[in-house]
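# Topology and contacts: notes
Read off the chains here:
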Amino acid sequence: MAVEPATVGFMVIGALLIAMTMGNSLIARLPVSASMLYLLVGVGLGPAGLGLLVLDPFQDDRALIERLTEIAVLISLFTAGLKLDLPLRDPRWRIPVRLATVSMGINVGVVTALGYGLLGLSLGAAVVLAAILSPTDPVLASDVQVARGGDRDRLRFGLTGEGGLNDGTAFPFVMLGLGLLHVHDLGTGGWRWWAVDVVWAAAGGLAIGYALGALVGRAILVLRTRHHEALGADEFLALGLIALAYGVALWLNAYGFLAVFAAGLALRRLEPVAQAAPVAARVRKSPAGAPVSAEHAPSAEGADVPEQLMRAVARFNTELEHVAEVAVVLVVGALLTWVQWDWRMLWFVPLLFVLVRPLAVVSGLWGAPVARPQRRLIAWFGIRGIGSVYYLVYAIGHALEPALARQLLSITLTVVVASVVLHGISVTPLMQRYEKRRKHARHRLRSGKRGE
């Protein structure tokens, strides 16, 4: 009996999802990542295998790939924001900020020089390539990010914050490269790029997202604690806030990626505020000096509302993130048939991972209170992935010359696949070794305090 190709595709993807769910604990112990397996399945489903997933990234399917990668990055950025519960005034925030600005700028500059001087690209094309390859990926880097609330580890916090910020801070460089290719207006002397693409779009994106996240979060807190309103599923709150922050930011010509990350941060800020609310309610006095009656005071249960909300939203977003990861990595695997092999990748890819990224990290974190083992791991885990694919198809959509578009796609997908493999193999042993050292250091610290 003949089977339709679509039917085979459904069966393969269904079996993959079930197998990955059931074998998740086994994969976590192996020196491989789930993304590596998704990539192999994508190759098998693509033109090189069963031919069930055939995509044209230059014409017919470009918009579909852009939307798919865009949604995946948005979900991951919001999740990253929810993971970071340190107050914004905490000095540890300087680590991701430096990585997403200073290190990002250095990375873009060095890759631009390599692209222009050694790969034979024009200046504009080299800047676009550098912007595509500079942001670290918030989707595929979940194994090295903050895994639970209250984690103050500088390595995990720095990588999580960097992944949340630099997918937005890469945008100005993308627009600069497109402007140098004459497919984007930079303004006379570059004034529009500085004023709109750099200053307003970045600052506006962060401000819009944070304001909307705080506003929505406070509204929920008031409705649940003071008016005892039963709201709908918390999971849809996450989707609504992501869409609202992203849409408003784009409407106002700001960077939506930064807005979504900031919205997640603002929503997370509600938890410590609400935990202090019951204490404040108990000591609040009337104008005459008498205590306010209990029926008019905020409920002590209010402290539990943000915690429950965060758990529900974070759990839902994490599951969405996994689904998005499967979908996009399958697409990347299927797109590998478009890659035109270039022998120069034999030196470009290693140079990117073992020289350019470490140079950018060391320079960006100069003088920062980061231990040497943490600094080395931050330098290595500059994971490239879905964010780079998004910027690639975004740039292709700006009417790039076909030859240039194919060259950028070949380089980008080569780097992404190399990152999936190299970082996928190394993440488990390196992070296990790191956590073992952390545990040993904490044990010695506690033993020393008891000895005193």
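You'll find the structure just up there.
Before going into details, it helps to say that this report is about the structure given with it. (Residues numbered from 1 in each chain as written. Predicted model: local features only at pLDDT ≥ 70, side-chain atom pairs only at ≥ 80, totals over all residues. Heavy atoms only, no water.)

## What about the environment of Leu 422?
- Mapping Leu 422 onto the fold places it in helix 17 (residues 402–451).
- In this structure, the C-alpha to C-alpha distance between Leu 422 and Met 36, residues 386 residues apart in sequence, is 9.6 Å. (Helix = DSSP H or I, 4+ residues; strand = E, 2+ residues; numbered from the N terminus.)

## What about the pattern of salt bridges?
- Enumeration according to the criterion identifies nine salt bridges in this entry.
- Among the ionic pairs, Arg 62 bridges to Glu 66, the shortest N-O distance being 2.5 Å. With Arg 62 and Glu 66 both in helix 4 (residues 62–83) and four residues apart, the pair spans about one turn of that helix.
- We classify Arg 62 as buried; its relative accessible area is 18%.
- By relative accessible area, which is 9% here, Glu 66 ends up buried.
- Arg 268 is the partner of Asp 85 in a salt bridge, and the nearest nitrogen-oxygen pair spans 3.6 Å. (Salt bridge = Lys/Arg side-chain N within 4 Å of Asp/Glu carboxyl O. Buried < 20%, exposed > 50% of the residue type's maximum accessible area, 1.4 Å probe, protein only.)

## Observations concerning the packing of aromatic side chains
- Tallying each qualifying case throughout the model produces 15 aromatic pairs.
- Judged by centre distance (6.4 Å) and plane angle (70°), the rings of Phe 171 and Tyr 390 are edge-to-face. One end of the pair, Phe 171, is in helix 8 (residues 171–180); the other, Tyr 390, is in helix 16 (residues 386–396), with 219 residues separating them in the sequence. In this structure, Phe 171 and Tyr 390 share a single accessibility class: buried.
- Put simply, the rings of Phe 171, Tyr 246, Tyr 255, Phe 257, Tyr 390, Tyr 391 and Tyr 394 touch in pairs and so form one group of aromatic residues. (Phe/Tyr/Trp six-rings, centres within 6.5 Å; stacked < 30°, edge-to-face > 60°.)

## A word on the side chain of Asp 56
- As for its position among the elements, Asp 56 is in the loop between helix 3 (34–45) and helix 4.
- It is Arg 406 that comes nearest to the buried, bridge-free Asp 56 among opposite-charge side chains, at 6.4 Å.
- One polar contact links the side chain of Asp 56 to the main-chain amide nitrogen of Gln 59, over a distance of 3.4 Å.
- Excluding anything up to four places from it in sequence, Asp 56 contacts Asp 61, Arg 62 and Trp 338. (Lys, Arg positive; Asp, Glu negative; His and termini not counted. Polar contact = N/O pair within 3.5 Å; in protein donor to acceptor, adjacent residues only side chain to side chain. Contact = heavy atoms within 4.5 Å.)

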